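# Commentary on secondary and tertiary structure
As a plain string of letters, each chain reads:
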Amino acid sequence: QGKLSLTLRKNVVTNGVATPFNEVLAWLCQRHDYYTAASVGLILLNDFDALRDLRGSCSRSGNGYKGCFFEGLLDGIIPIEESDFVKQPCSDDNSLNADKHSIISNFSSMQDRKQATRCPITSLADMAVGCLVKGGISMSRTLEGFLGRNIYYDASRASLMLVATISSAIHDHHELIRKNRHKADFAGGNVSKEEFPESEDLYSDIFWPIRCLLKIAVERDFMVTVLLLLNATIPNEMRRKKQRIVVGMRMSSHRPSLILCRSIVTMIVESSNTAAGLLLSLADEYGKNRYWQSLDHDTRLAFALISVHGKYPLLREAEVRAWAVEQLVLCTNASAGVDTDDGLETASNIPSDWLRDLFTACLSNAGSYVERLYTRASPFPSQESLSVASIVSAEASPIENDDVYQPQEERNRIKSALSSSPESGGLDFDLMIPALLLLQRRSVKWSEDAIFSTQSILNELCDLAGRYSPYESAFAFDSATVTRLCAISENVQAAANLIGGRNGFVLKCADVLMTCVGMTMDKAENYLLTGEVNVGPPRQIHISDAVAESSFIPTNGHRQLLSLIEEHVLSVKTYGEFETKYIRGGVNPVFAARVCLRAWLCLMRHDSPSSGPWLVSWLRDKLGIADDENGKSKKRLPCAALCRALLWPDDSDSVDGFNRTGSPLLAELLGFEPKFWIQLAQACCGLIEAIPPSIAERVMDGSHGTVVKGLTTNVIFSVN
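About the criteria used
Residues numbered from 1 in each chain as written. Predicted model: local features only at pLDDT ≥ 70, side-chain atom pairs only at ≥ 80, totals over all residues. Heavy atoms only, no water. Helix = DSSP H or I, 4+ residues; strand = E, 2+ residues; numbered from the N terminus. Buried < 20%, exposed > 50% of the residue type's maximum accessible area, 1.4 Å probe, protein only. Contact = heavy atoms within 4.5 Å. Areas by Shrake-Rupley, 256 points an atom, 1.4 Å probe, with all protein chains shown as cover. Expected span 1.5 Å × (residues − 1). Phe/Tyr/Trp six-rings, centres within 6.5 Å; stacked < 30°, edge-to-face > 60°. Axes fitted to C-alpha atoms, helices over the stretch in contact; angles between N-to-C directions. Parallel < 35°, antiparallel > 145°, perpendicular 65-115°, else oblique. Nonpolar A, V, L, I, M, F, W, Y, C, P; charged D, E, K, R; others polar. Core = buried A, V, L, I, M, F, W, Y, C linked by side-chain atoms within 4.5 Å. Left-handed = near helix turned anticlockwise from the far one by under 90°. Salt bridge = Lys/Arg side-chain N within 4 Å of Asp/Glu carboxyl O. Arc of directions from axis to C-beta. Disulfide = S-S within 2.5 Å. pLDDT = per-residue confidence, 0-100. Polar contact = N/O pair within 3.5 Å; in protein donor to acceptor, adjacent residues only side chain to side chain.

### Quick word on the overall build of the protein
Looking only at helices and strands, the protein features 32 helices and six strands. Expressed as a percentage of the 720 residues in the protein, the buried residues total 49%. Sequence-distant contacts in the protein: of pairs separated by 6 or more residues, those separated by 24 or more amount to 73%. For the protein, the accessible area works out to roughly 34,700 Å², and carbon and sulfur atoms hold 52% of it.

Okay, structure coming up:
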């Protein structure tokens, strides 16, 4: 009591009736009454938003505002002059030595230089920060808001206080681990992990000062210094590196939890748009390796897919992306048994779940409509695009493999879902295509809940990669490497869509023959381009074919060819589509029809002799040519392409448009009835696209009455 009286008398003699705020706040802090000290400081700073937030936060934690307990203190405190609030805010020195070993001493010396010029408002703001920091997690929300609003506190001093708090929290966490290890050893190793549960709540005392520190970094443009402080204080927690701790009488190694480390890095990356790049520029404690090189493989896998507001910013960083591309290449080489010249570990272990997450992460970064890949507007498959109702019974079995055939509307739906937003940087094909190639090779779905198969999405993705994009991509597409990966993965469909154009179209049809007939790639390509293969003599048409065709059900190979015919032949609407010389990636409909029909012929000779009459009925239905009428169709250009492919020889087998070798035409080999030939020719009568170029030139030169011979049926066409 006497000591208190002497203290009060001394204050009155020294300061008069009122007392400076720093002595009052220091006295309250000595009593560990940080709530009252912080409240007084916030009132003196006129930050009533923070005061309301503080009262609400502490009331939720059971230390709420108790009437006017501390308000009487304000009458005895020397007030802050109004002129102090309009003085220049505290400036922060952000030019510190980049050496993290001396950064703490740099901070201390900087504070000594500033001490002589500190204004009262800055001192008050710093003391308010200190009181809120000492208040712990219950005042962390108020502190974070205050750091974002107030312009008078010294960012350097506030950063040091928060770094010290982080260091203390990490030390307490290590002590907890040491005690748990010691308890486990004492129990003979029979203590289960459930007795030491791991969750984000366990690390809340570590997270809140990091969030507040990053708030300073963003508001005061202090990110470089803050990251150096964290790199010097918690290097192992930022990298998930093992560290040694003393357990009883022995040394034990401890690796920080993935939840802890990933949460810390997520908070850093989330704080600003430039934080990810600055984080990757940090060096390890020896200064030899950059941040990403200092991480272990499993840590890189986890950190690469850190999500911030639905985006994955680290995948947009060149260093992380290059690593991911390298890992995908190595994993693909290892799965295909391809040796690499470099000394890297080829058997890179990439889990399928990580590949799935990588694919969806790239879709999210591109702003694609991922949800469209999980919903369907119409039933699948579309039976109208598969068969003719008059010849396929209602009991026909559904499509057994979605990978090899997709109606055009379903492909359009996938492309719509894969479309990227204009300012997103586009789809990252170098990551997405290899990821899907690995999933397809492992026979793993890209998503358990998706309605489209991995191969289907891979095909459309490769098709988009080979096309021109009106938007600028964030990264250049390495088509040569991705094409090589398609080849060593033996995924012909993906390679065909990636190459596109005439060559890609031939690959698609060759894949059908390789899968269904067992041809080699070279033999299939040679047959499709030249027709030079022993497919047997011309097939005679019998009356029993009408009965046989009703029992024919298209196989997966047939469906794929039907899809190609519908896309490249039956969808022709302009005359310019026949001239593909100046169209990048275009496929001439005559060439497409001839290649598809040759492939159909090969399948027919292999195991489906009744597929010829079935194809006639399917073409009638698609072209709108009735069986009992003359050749009339609204699709005259598709009829012209089919007429040219079926009723005229290939350019290599003709002289001036006439058959040179006398070999049967496709219409004969396929067993098409002569009536359909005539109807097809009538439907495109008058179109120059229905005849070979050599005869077309003679017609354009003025020749008249040209009799076109060479058809096996001796049908005579007069070109007028």
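### Observations concerning helix α29 (residues 636–647)
End to end, α29 covers 16 Å across 12 residues, agreeing with the expected 16 Å (1.5 Å per residue, within 8%). For α29, the tally of buried residues reaches 11 of 12 residues, placing the bulk of the element in the interior. Taken together, the buried positions of α29 are Leu-637, Pro-638, Cys-639, Ala-640, Ala-641, Leu-642, Cys-643, Arg-644, Ala-645, Leu-646 and Leu-647.

### Focus on the packing of aromatic side chains
Scanning the model with the defined rule gives 10 aromatic pairs in all. Centre to centre, the rings of Phe-146 and Tyr-153 are 6.3 Å apart; their planes meet at 35°, and the pair counts as tilted. In this structure Tyr-153 comes out as buried when scored by relative accessible area, which is 0%. Both rings, one in Trp-292 and one in Trp-323, keep their centres 5.6 Å apart while their planes meet at 75°; by these two values the pair is edge-to-face. Taken as a pair, Trp-292 in the loop between α14 (275–280) and α15 (297–304) and Trp-323 in helix α16 (residues 318–336) lie far apart in primary sequence, 31 residues in all. When sorted by exposure, Trp-292 lands in the same class as Trp-323, which is buried.

### Some words on the side chain of Glu-319
Tracing the backbone shows Glu-319 in helix α16. Once residues lying within four places of it in the same chain are set aside, the contact partners of Glu-319 are Leu-280, Arg-290, Trp-292 and Gln-293.

### So, the packing of helix α21 (residues 479–488) against helix α22 (residues 492–499)
The description of two packed helices rests on the angle between their axes and on the distance between the axes. Packing of α21 against α22 leaves a shortest axis separation of 8 Å and a crossing angle of 155°. Here α22 runs roughly antiparallel to α21, going by the angle between their axes. In this structure, α21 uses Ser-479, Val-482, Thr-483 and Cys-486 to contact α22, whose residues at the interface are Ala-494, Ala-495 and Leu-498. Taken together, the residues of the contact of α21 with α22 sort by class into five nonpolar, two polar and no charged.

### Describing unusual backbone geometry
For residues other than glycine, phi is negative in most cases, and the peptide bonds are mostly trans. In this structure, His-32 takes a positive phi of about 60° despite not being glycine. With respect to the helices, strands and loops of the structure, His-32 is situated in the loop between α2 (21–30) and α3 (34–44).

### A short note on the nonpolar core
In terms of nonpolar packing, the biggest core is built from 127 residues, with Phe-303 and Ile-433 touching the most fellow members. Sequence-distant contacts of Phe-303, that is, excluding residues within four places in its chain, are made with Met-238, Leu-258, Cys-261, Arg-262, Val-265, Tyr-291, Trp-292, Leu-295 and Leu-314. Counting residues in hydrophobic clusters, the runner-up holds 66 residues, among them Met-519, Ala-592, Ala-593 and Cys-639.

### Structural notes on the packing of helix α26 (residues 556–568) against helix α27 (residues 589–607)
Across the interface, α26 lies against α27 with an axial gap of 10 Å and an inter-helix angle of 165°. Accordingly, the angle class assigned to the pair α26 and α27 is roughly antiparallel. Crossing geometry of α26 relative to α27 is assigned as left-handed. For the pair formed by α26 and α27, the contact residues are Gly-557, His-558, Leu-561, Leu-562, Leu-564, Ile-565 and His-568 on the first element and Pro-589, Ala-592, Cys-596, Ala-599, Trp-600 and Leu-603 on the second.

### Comments concerning the pattern of salt bridges
This model, assessed by the stated rule, comprises 19 salt bridges. Where Arg-290 meets Glu-319, a salt bridge forms, and the shortest distance between an N and an O atom there is 3.0 Å. Of the two residues, Arg-290 is situated in the loop between α14 and α15 and Glu-319 in helix α16; the sequence distance between them amounts to 29 residues. Classification of Arg-290 as partly exposed rests on a relative accessible area of 40%. For Asp-428, the salt bridge goes to Arg-321, with nearest N and O atoms at 2.7 Å. Taken together, the residues span a long stretch of sequence, with Asp-428 in the loop between α18 (408–418) and α19 (429–441) and Arg-321 in helix α16 at a distance of 107 residues. Of the two residues, Asp-428 and Arg-321, both sit in the buried class.

### A look at α18
Because each turn of an α-helix spans 3.6 residues, side chains separated by three or four positions end up pointing in the same direction. Three or more residues of α18 are buried, namely Glu-410, Arg-411, Ile-414, Ala-417 and Leu-418. Down the axis of α18, the sector holding all buried residues measures 120°, keeping them to one side. Contact partners of the buried residues in α18: α17 (352–365), α20 (454–465) and α26.

### Focus on the state of the cysteines
All chains considered together, the criterion is met by zero disulfides. Looking at Cys-486, it has no disulfide partner, and the nearest cysteine sulfur is the one in Cys-462, 4.7 Å off.

### Notes on the environment of Ser-421
Relative to the helices and strands, Ser-421 is located in the loop between α18 and α19. On the accessibility criterion, Ser-421 (27% relative accessible area) is partly exposed. Sequence separation between Ser-421 and Ala-366 is 55 residues; the distance between their C-alpha atoms is 6.2 Å. Those residues in contact with Ser-421 that lie beyond four places of it in its chain are Ala-366 and Gly-367.

### Structural notes on the confidence of the model for the protein
Mean pLDDT over the protein stands at 78; residues scoring 70 or higher make up 71%. Note that pLDDT drops below 50 for residues 1–6; the model gives that stretch zero contacts with residues more than four away or on any other chain.

### Comments concerning the environment of Ile-259
Inspection of the secondary structure puts Ile-259 in helix α13 (residues 258–271). For Ile-259, a relative accessible area of 31% translates into the label partly exposed. Distance in space between the C-alpha atoms of Ile-259 and Tyr-203 is 9.0 Å, their sequence separation being 56 residues.

### Considerations on the side chain of Ser-633
Relative to the elements of secondary structure, Ser-633 occurs in the loop between α28 (611–623) and α29. Judged by its relative accessible area of 14%, Ser-633 is buried. Reaching out from Ser-633, the side chain makes a polar contact with the backbone oxygen of Leu-623 at a distance of 2.5 Å. Among the polar contacts made by the side chain of Ser-633, one reaches the main-chain amide nitrogen of Lys-635 at a distance of 3.1 Å. Contact partners of Ser-633, with chain neighbours within four places excluded, come to Leu-623, Ile-625, Cys-639 and Ala-683.

### Side note on the environment of Cys-685
Checked against the element boundaries, Cys-685 lands in the loop between α31 (674–683) and α32 (693–700). When its relative accessible area of 56% is taken as the criterion, Cys-685 is described as exposed. Sequence separation between Cys-685 and Cys-639 is 46 residues; the distance between their C-alpha atoms is 9.5 Å.

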